[in-house]
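Topology and contacts: notes
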Amino acid sequence: MAILEIIEFPHPNLRKIAEPVTAFDAKLGRLVDDMFETMYEANGIGLAATQVDIHKRLLVLDTSEEKDNPQVFVNPIIEIIESDLSEYDEGCLSVPGFYETISRPKKIKVEAQNRVGEKFSIEAEGILSVCIQHEIDHLDGKLFVDYLSSLKRNRIRDKLQKDHKSSS
Ligand code: GNR
Ligand code: NI
């Protein structure tokens, strides 16, 4: 297994649109394992392939308290089943150190495939719903800072760019 490098805002590759996964092979299995290891090591509750600079439609997450419920979603399709919004304080491993309140649809249904290509479907609300929406945004080149004013987003961008310069 391996810890992968997480790219950070405003890295241009965070804007790429991920392509569907077509091969459910050992290589995909290794990527899934490496994404879990990377997510747990970073104390994240989710990770999209985009964040490790791989532009395939897959994400991993574990929103459990005990960190004992790894879930993989390959080629996820989301349907909003309750468009009432709910607020959550969001952070992102690609936007380290910043947290902002974001509103998203409350309840969703997700159809996806597992690591061997079998289809499944779940309904989600609460933190699971927030996390899945946040991760699918990554696959579409979108970040939680895009929901903020450009003033706030640009302040975050400038601070992170400074950090990147001083640590390189
Ligand atoms: O670890 C994470 N925590 C989090 C908290 C609130 C809303 C969304 C998230 S996802 C984030 C990990 C991450 O950046 N996934 O893309
Ligand atoms: Ni994120």
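The structure contained in this document is the topic of the report that follows. Keep in mind the model is a prediction, meaning the values are calculated, not measured. Sequence order as written defines residue numbering, which begins from 1 separately in each chain. Lettering for chains starts from A, numbering for ligands starts from 1, and both go in the order in which the items are written. Only residues with pLDDT of at least 70 get local features here, since the model is predicted, and only at 80 or more are side-chain atom pairs given and counted; chain-wide, interface and lining totals rely on the full set of residues. The basis for every side-chain value is the complete set of heavy atoms in the structure, and neither hydrogens nor water enter the calculation.

**Observations regarding the packing of aromatic side chains**
Here a ring pair, both rings aromatic, is described through the centre-centre distance and the interplanar angle of the planes. Note the threshold: In this analysis, rings of Phe, Tyr and Trp, with Trp reduced to its six-membered ring, are considered paired at centre separations within 6.5 Å, and the interplanar angle assigns stacked below 30 degrees, edge-to-face beyond 60, and tilted for intermediate values. Only DSSP runs of H or I covering at least 4 residues are called helices, and only runs of E covering at least 2 are called strands; the numbering of each starts at the N terminus. Only protein chains enter the accessibility calculation, which uses a 1.4 Å probe; a residue is then buried when its area is under 20% of its type maximum, exposed when over 50%, and partly exposed in between.
Applying the stated criterion across every chain, the model contains two aromatic pairs. Summarising the aromatic geometry, the rings of phenylalanine 36 and tyrosine 40 are spaced 6.1 Å apart at their centres and angled 20° between planes, so their arrangement reads as stacked. Taken together, the positions of phenylalanine 36 and tyrosine 40, both in helix H1 (residues 26-41) and four residues apart, correspond to about one turn of that helix. Tyrosine 40 sits in the partly exposed class, given a relative accessible area of 27%. Aromatic side chains phenylalanine 73 and phenylalanine 120 sit 5.5 Å apart centroid to centroid with 50° between the ring planes, which places their arrangement in the tilted category. Of this pair, phenylalanine 73 sits in strand S3 (residues 71-90) while phenylalanine 120 sits in strand S5 (residues 119-124), placing them 47 residues apart in sequence. Relative accessible area serves as the criterion here: at 1%, phenylalanine 73 is assigned to the buried category.

**Describing helix H3 (residues 150-166)**
Threshold: Expected span of a helix, by definition, is 1.5 Å for each gap between consecutive residues, and there is one gap fewer than residues. Comment: arc refers to directions from the helix axis out to C-beta atoms.
The end-to-end C-alpha separation of H3 is 24 Å, in line with the 24 Å expected for 17 residues at 1.5 Å each. Along H3, the positions that sit buried rather than exposed are Arg153, Ile156 and Leu160. Seen end-on, H3 carries its buried residues on one side only, within an arc spanning 65°. Opposite the buried face of H3, by more than 90 degrees, sit the exposed residues Leu151, Arg155, Lys159, Lys162, Lys165 and Ser166.

**Digging into the pattern of salt bridges**
For clarity, the cut-off: We define a salt bridge as a contact between a side-chain nitrogen of Lys or Arg and a carboxyl oxygen of Asp or Glu at a distance within 4 Å.
Within this structure, the stated rule accounts for eight salt bridges. Ionic pairing is found between arginine 57 and aspartate 140, a salt bridge with its closest N-O pair at 2.8 Å. Here the residue arginine 57 occupies a position in the loop between strand S1 (46-48) and strand S2 (58-61), and aspartate 140 occupies one in the loop between helix H2 (126-139) and H3, the gap between them amounting to 83 residues. What makes arginine 57 buried here is its relative accessible area of 14%. In this structure, aspartate 158 engages arginine 157 in a salt bridge whose closest nitrogen and oxygen atoms are separated by 3.2 Å. Looking at arginine 157, the relative accessible area reads 29%, which means it is partly exposed.

**Considerations on the site of ligand 1**
Where we set the bar: Here a residue counts as near a molecule or strand whenever at least one of its heavy atoms sits within 4 Å of it. Counted as a polar contact is a pair of N or O atoms within 3.5 Å, where, for protein atoms, one must be capable of donating a hydrogen and the other of accepting one, and residues adjacent in sequence contribute only when both atoms are in side chains. Note on areas: these come from Shrake-Rupley sampling with a 1.4 Å probe, and a residue is covered only by the protein chains present in the view. Asp, Glu, Lys and Arg are counted as charged, while Ala, Val, Leu, Ile, Met, Phe, Trp, Tyr, Cys and Pro are counted as nonpolar; the rest, among them Gly, fall into the polar class.
Ligand 1 sits among 14 residues. The nearest are Ile45, Gln51, Leu93, Glu135 and His138. Between isoleucine 45 and ligand 1, the recorded distance is 3.0 Å, taken from a backbone N or O atom to an oxygen atom. Contacts to ligand 1 include histidine 138, whose side-chain N or O atom sits 2.9 Å from an oxygen atom. In the complex, the protein chains occlude 91% of the 380 Å² of accessible area that ligand 1 would expose alone. Only S3 and H2 provide two or more residues apiece to the shell around ligand 1. A total of four residues in the shell around ligand 1 trace back to one element, the largest contributor, which is H2. A class-by-class count of the residues in the shell around ligand 1 yields five nonpolar, six polar and three charged.

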